[in-house]
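Listed below are the residues making up each chain.
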Amino acid sequence: MEPVAPPKTYRVKSFGCQMNVYDGERMAELLGTRGITPALEGEEADLVILNTCHIREKAAEKVYSDIGRMVKAGAQAGKTPLIAVAGCVAQAEGEEIMRRAPAVSIVVGPQAYHRLPEMLDKAVGGERATDTDMPAIAKFDALPARRKRGPAAFLTVQEGCDKFCTYCVVPYTRGAEISRPFAHLIAEAQMLVEAGAKEITLLGQNVNAWAGEDDKGRAAGLAGLIHALARIDGLVRIRYTTSHPNDMDEALIAAHGEVDKLMPYLHLPVQSGSDRVLKAMNRQHTVEGYLRLLEKFRAVRPDIALSGDFIVGFPGETEAEFEDTLRIVDAVRYAHAFSFKYSPRPGTPAATLDGQIAPEVMHERLHRLQERLGHHQFAFNQASVGRTCQVMIERTGREPGQWLGKSPWLQSVWFSGDHAIGDLVDVQLIEAGPNSLQGEPVRIPAELAR
Ligand code: 5AD
Ligand code: SF4
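From a predicted model like this one, the values you see are computed outputs, not experimental measurements.

Visitor: I keep staring at helix H9 (residues 250–258) and nothing clicks. Help me out?
Guide: Quick reminder: α-helices carry 3.6 residues per turn. Residues three or four places apart thus point the same way. All buried positions along H9 are accounted for by Leu 252, Ile 253, Ala 255 and His 256. Considered in projection along H9, the buried side chains sweep an arc of 150° and stay on one side of the axis. Those residues of H9 that are exposed and angled more than 90 degrees off the buried face are Glu 250 and Glu 258. For H9, the secondary structure elements touched by its buried residues are helix H8 (222–230), strand S13 (237–241), strand S14 (265–267) and helix H11 (287–300).

Given below as structure tokens:
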């Protein structure tokens, strides 16, 4: 490749999960330490980072077509942007990307992006750079201080997965489970709060597998970390995602009854309502075990909003097994959920199983599942009408004077009034839609507000 001028502006495009959003922010901060600034809206950036996701279909194809589009847009603007591919497609298909896409200068995996500045130097010198090593802790140690503004922040506490569900690429792209040290997390959370965060969502592919030692050297799990974070002044809300049923311990369940700052929301994927399918997925839990777990959460926090992930059309899934999934949805009455068609991922055990399901069958099942999930989500929102709760404003709404925020149950709530982003407003929920609620700020009498 030809040497190029050092980039002055960048754009990070993150796809997929919240961990990628977090990684994207940290890459941006890293570029900031080099004096590289975000490209303005509508402007072609000197450096584009595609922070990719490999979890489902066509991710790699999308990367190639994005690259093609960027090269074209750059040419029209009279420049050749430096292109970096990061994230899980980079990890899984780095060599292939380098071979197929000559316009790409940098391929950097999710555990190596702290080395981005050196790779950038190489790329500016005209040399292509690839790094898909997996020394995860080194990455966090090498990143600059947090500069995040805005009331809701993410904090990656755990990465990777040892579960090896038979459909999933994560154990291969993100590597083995690792937990960041307690002290580092408390320090990063404090930095985020000083930078304006009022809510922190703890992230991990198996966030509830987080394990460490607290400041007194005692063994701690995620519950211990949450108790410690709750002691940070100025931090008002704590959330965590995503959990695996088998890593759930009693302390974390109890924390939902003990820690006021821990929001009444649990994302606990189940994937299927059939024990046979769960076994074929290597989920290592049963429907019964999962439901018992949820009952424990409801016992300590009766208003908890439950959320899950579902896959339809796993190889061999029969109509009756699919109906078992509809049954678990009706039994749990999820407040929110994500649902997907099974997508064979290269290199995963399920990809080569017999009984792959026809696309139209998957399509029809997904439609029926989403109809049930939508019904329960709407019902949950309707049941919230009349409640008064705190809403944290995250954005401006569509109309002037309108604000959009989140309820404790992670519902989107909009309302009007004289407020600002980051305000925590006592709001009465007055009308429910399928995906959001309308609220009305309430004035709490001074003697009750204390
Ligand atoms: N096909 C479809 N959905 C998948 N997920 C993970 N791998 C696949 C796949 N191969 C879904 C699971 C998981 C969520 C993050 O993505 O539901 O919980
Ligand atoms: Fe993938 Fe299963 Fe690990 Fe979740 S628990 S990341 S679905 S292998």
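Visitor: Help me understand the domain arrangement of the protein in this model?
Guide: Often, the extent of an interface is quoted as the loss of accessible area upon association of its parts. Here the protein is partitioned into domain 1 (9–138), domain 2 (145–263), domain 3 (297–383) and domain 4 (388–448). Each of domain 2 and domain 3 has a C-alpha centre, and the two are 26 Å apart. Between domain 2 and domain 3, the contact holds 11 residues from the first and 12 residues from the second. Of the roughly 1,000 Å² buried between domain 2 and domain 3 on both sides combined, carbon and sulfur atoms contribute 72%. Among the residues of domain 2 in contact with domain 3, Thr 166, Tyr 167 and His 256 are the three that bury the most area, contributing 52% of the side total.

Visitor: Honestly, the pattern of salt bridges in this entry has me stumped. Any pointers?
Guide: Here the idea is simple: oppositely charged side chains can pair when their charged atoms come close. Under the criterion given, the structure shown has 34 salt bridges. One salt bridge in this structure joins Glu 188 and Arg 180, with 2.8 Å as the shortest N-O distance. Glu 188 sits in the buried class, given a relative accessible area of 4%. Residue classification places Arg 180 among the buried residues on the basis of a relative accessible area of 3%. Look at the salt bridges and you will find they share partners, linking Glu 25, Arg 26, Glu 29, Arg 146, Arg 180 and Glu 188 into a network.

Visitor: I keep staring at the site of ligand 1 and nothing clicks. Help me out?
Guide: Close to ligand 1 lie Ile 55, Arg 56, Tyr 167, Gln 271, Asp 309, Ile 311, Phe 340, Lys 341, Tyr 342, Ser 343 and Arg 345. The separation between an oxygen atom of ligand 1 and a polar side-chain atom of Arg 56 is 2.8 Å. Here ligand 1 loses 87% of its free accessible area of 400 Å² to cover by the protein chains. Among the secondary structure elements, those contributing two or more residues to the shell around ligand 1 are strand S15 (305–312) and strand S16 (336–341). Grouping the constituent residues of the shell around ligand 1 by class yields 5 nonpolar, 2 polar and 4 charged.

Visitor: Explain the site of ligand 2 here, please?
Guide: The environment of ligand 2 is formed by Cys 161, Lys 163, Phe 164, Cys 165, Tyr 167, Cys 168, Val 170, Pro 171, Asn 206, His 244 and Arg 283. The residue inventory of the shell around ligand 2, partitioned by class, reads 7 nonpolar, 2 polar and 2 charged.

Visitor: So what exactly am I meant to see when it comes to the sheet that holds S14 here?
Guide: Strand pairs in the sheet, formed through backbone hydrogen bonds, run parallel or antiparallel to each other. Strand order in the open sheet made by the 3 strands is S14-S15-S16, with parallel pairing throughout. On the outer flanks of this sheet lie S14 and S16, each paired with one strand and no other. Within this sheet the neighbouring strands show an average axis-to-axis angle of 10°, counted without direction. Where S15 and S16 come together, 6 bridges link them in parallel fashion. Paired with Asp 309 across the strands is Phe 338, a residue of S16.

Visitor: Honestly, the pairing of strand S19 (residues 412–416) in this entry has me stumped. Any pointers?
Guide: Within a regular strand, side chains alternate between the sheet's two faces. Residues of S19 alternate between two faces, with Val 413 and Phe 415 buried on one and Ser 412, Trp 414 and Ser 416 left unburied on the opposite face. In terms of strand pairing, strand S18 (residues 402–406) meets S19 through 5 bridges, oriented antiparallel. Bridge assignment links Lys 406 to a residue of S19, and that residue is Ser 412. The antiparallel hairpin formed by S18 and S19 contains 5 residues in its connecting segment, where Leu 410 sits at a positive phi of about 65°. Note: S19 against strand S21 (residues 436–441), 3 bridges, orientation parallel. In the strand pairing of S21, Val 413 is matched with Leu 437.

Conventions used here
Residues numbered from 1 in each chain as written. Chains lettered and ligands numbered in written order. Predicted model: local features only at pLDDT ≥ 70, side-chain atom pairs only at ≥ 80, totals over all residues. Heavy atoms only, no water. Buried < 20%, exposed > 50% of the residue type's maximum accessible area, 1.4 Å probe, protein only. Helix = DSSP H or I, 4+ residues; strand = E, 2+ residues; numbered from the N terminus. Arc of directions from axis to C-beta. Contact = heavy atoms within 4.5 Å. Domains from an automatic or database assignment. Buried area = accessible area lost by both parts, 1.4 Å probe. Salt bridge = Lys/Arg side-chain N within 4 Å of Asp/Glu carboxyl O. Near = heavy atom within 4 Å. Polar contact = N/O pair within 3.5 Å; in protein donor to acceptor, adjacent residues only side chain to side chain. Areas by Shrake-Rupley, 256 points an atom, 1.4 Å probe, with all protein chains shown as cover. Nonpolar A, V, L, I, M, F, W, Y, C, P; charged D, E, K, R; others polar. Pairing = 2+ DSSP bridges. Axes fitted to C-alpha atoms, helices over the stretch in contact; angles between N-to-C directions.

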